[in-house]
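Tertiary structure, described
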Amino acid sequence: MGIGIAQVSAQAGFITILYELNPAVLEKAQTTIDKILQSLVEKRKLSVSEKTTIRKRLIFTSELQSCKTDVIIEAIVEKEEIKIALFNQLAEINDSQCIFASNTSSLSINSIAAQVKNPERVIGMHFFNPAPLMKLVEVVNTNYTSEETTRIITGLAKRMGKVPVLCKDSPGFIVNRVARPFYIEALRLAEEGISDFSTIDTLVEATGFKMGPFKLMDLIGNDINYTVSCSVYEQLNRPERLKPSPLQKEKVEKGELGRKTGKGYYDYSPIP
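Computed from a predicted model, the values in this text were never measured in an experiment.

Thresholds, definitions, all that
- Residues numbered from 1 in each chain as written.
- Predicted model: local features only at pLDDT ≥ 70, side-chain atom pairs only at ≥ 80, totals over all residues.
- Heavy atoms only, no water.
- Core = buried A, V, L, I, M, F, W, Y, C linked by side-chain atoms within 4.5 Å.
- Buried < 20%, exposed > 50% of the residue type's maximum accessible area, 1.4 Å probe, protein only.
- Helix = DSSP H or I, 4+ residues; strand = E, 2+ residues; numbered from the N terminus.
- Contact = heavy atoms within 4.5 Å.
- Salt bridge = Lys/Arg side-chain N within 4 Å of Asp/Glu carboxyl O.
- Disulfide = S-S within 2.5 Å.
- 1 Å grid on protein atoms, 1.4 Å probe; cavity = no way out; pocket = protein on both sides within 12 Å on 5 of 7 lines; lining within 4 Å.
- Points joined across faces, edges and corners; volume = space filled by probe spheres on them.
- Nonpolar A, V, L, I, M, F, W, Y, C, P; charged D, E, K, R; others polar.
- Pairing = 2+ DSSP bridges.
- Right-handed = clockwise from strand over helix to strand, strands pointing away.
- Axes fitted to C-alpha atoms, helices over the stretch in contact; angles between N-to-C directions.

**Remarks on the nonpolar core**
Of all hydrophobic cores here, the largest spans 19 residues; its most connected members are Ile72, Phe87, Leu90, Phe100, Val116 and Val122. With six residues, helix 4 (residues 80-93) is the single largest residue contributor to this core. Beyond its immediate chain neighbours, meaning those up to four positions away, phenylalanine 100 contacts Ile72, Phe87, Leu90, Ala91, Val116, Arg121, Val122 and Ile123. Judged by nonpolar contacts, the second largest core, of 15 residues, contains Val8, Ala12, Ile123 and Leu156.

**Here's the deal with the side chain of asparagine 103**
Relative to the elements of secondary structure, asparagine 103 occurs in the loop between strand 4 (99-102) and helix 5 (109-114). Contacts of asparagine 103, omitting those with residues within four sequence positions, involve Met1, Ile5, Glu74, Ala75, Met125, His126 and Phe127.

**Points about the pattern of salt bridges**
Across all of its chains, the model carries 12 salt bridges by this definition. In this structure, lysine 83 engages glutamate 74 in a salt bridge whose closest nitrogen and oxygen atoms are separated by 2.3 Å. Both residues of the pair, lysine 83 and glutamate 74, count as buried. In this structure, the salt-bridge partner of glutamate 92 is lysine 117, at a minimum N-O distance of 1.9 Å. Separated by 25 residues along the polypeptide, glutamate 92 in helix 4 and lysine 117 in the loop between helix 5 and strand 5 (122-127) bring together distant segments of the chain. You can call lysine 117 partly exposed: its relative accessible area is 40%. Where salt bridges share partners, they join Glu74, Glu78 and Lys83 into one cluster.

**Remarks on the state of the cysteines**
Within the structure shown, the criterion is met by zero disulfides. Cysteine 67 takes part in no disulfide bond, and the closest cysteine sulfur, belonging to cysteine 98, lies 9.8 Å away.

**A word on the layout of surface pockets**
Computed from the structure, the second largest pocket encloses a volume of approximately 320 Å³. Gln7, Gln11, Leu40, Pro132 and Leu133 are, among the 15 residues lining the second largest pocket, the residues nearest its centre. Every element with two or more residues in the lining of the second largest pocket is listed here: helix 1 (2-11) and helix 2 (23-42). Class assignment of the residues belonging to the lining of the second largest pocket gives a composition of seven nonpolar, four polar and four charged.

**Some details on the pairing of strand 6 (residues 136-141)**
In this sheet, strand 6 lies alongside strand 5 in antiparallel orientation, the contact comprising four bridges. Each bridged residue has a counterpart across the sheet, and for phenylalanine 127 the counterpart in strand 6 is valine 137. As defined by bridge partners, strand 6 adjoins strand 7 (residues 163-168) across six bridges and the pair is classed as parallel. Counted as the bridge partner of glutamate 138 is valine 165 from strand 7. Crossover handedness for the path strand 6 to helix 6 (residues 147-159) to strand 7: right-handed.

**Observations regarding the sheet that holds strand 5**
Here five strands make up an open sheet; going across it, the order is 3-4-5-6-7 and the pairing mixed. Of all the strands in the sheet, the pair left with one neighbour each is strand 3 (71-74) and strand 7. Each neighbouring strand pair of the sheet contributes to a mean axis angle of 30°, computed without reference to strand direction. The sheet strands contacting helix 6 are strand 3, strand 4, strand 5, strand 6 and strand 7, and the helix crosses strand 5 at an angle near 20°.

**Section: unusual backbone geometry**
Cis geometry is found at the peptide bond from asparagine 129 to proline 130, where omega equals -5°. Take proline 130: it is sitting in the loop between strand 5 and strand 6. Positive phi, normally seen in glycine, also occurs at asparagine 118, with a value near 50°. By the secondary structure assignment, asparagine 118 is in the loop between helix 5 and strand 5. The phi dihedral of arginine 238 falls on the positive side, at around 55°, and the residue is not glycine. Here arginine 238 is to be found in the loop between helix 10 (222-235) and helix 11 (246-254).

See the structure below:
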């Protein structure tokens, strides 16, 4: 997600710093973006000069001190305490007006903001995967967010070619709240032996959905999808209808996370 957001930002004309502690992951991010931009050139969606210009806007670093900017979009692990710690570290080296936007899928932005310096500049900016292709961005206001912060982030999303939708902080925001039954009921059908993954996906796609629930969970990552389900379930006081799936939990425990690990509900191993 971080790679996709960085690409979108640079293509929109912004000098973009991509920060990652792990040098190997940082190098992979750089290689991935280079391949994506080259692919866009080959598809004639970008000229060679446009690719060069976009690439010059991207700065890759593992030095936190290099992250001095006007807007920071966080897309790290879905753990509240780690997000808060990062924002407060960044607050020490940035101006008090620097905006902190979290790409969290389900954690409480209110809770994060309450523990960050100058909470009026904290907001949710929830992109969808893959960020370069998906148009929707949920702009999540907290009890602290200033009107100016909301205005800037809404404008930023539009500059990036996205469609911003304003919402208040609540469990799962809008999309992930609505989507829980889509995933959980499909998982229950499979758990009860009523149908298999492929059949469920095929039937759902036949009604007009671009992707069935199991293909989509494999694309998102079962670890992320399961974490969101657990988060929404807990925040809404454990309603039975939103109880996370033991089948998905098992997939996560086995490391069968989907496309990124080569196996999820489907096998993505290279054909020999």
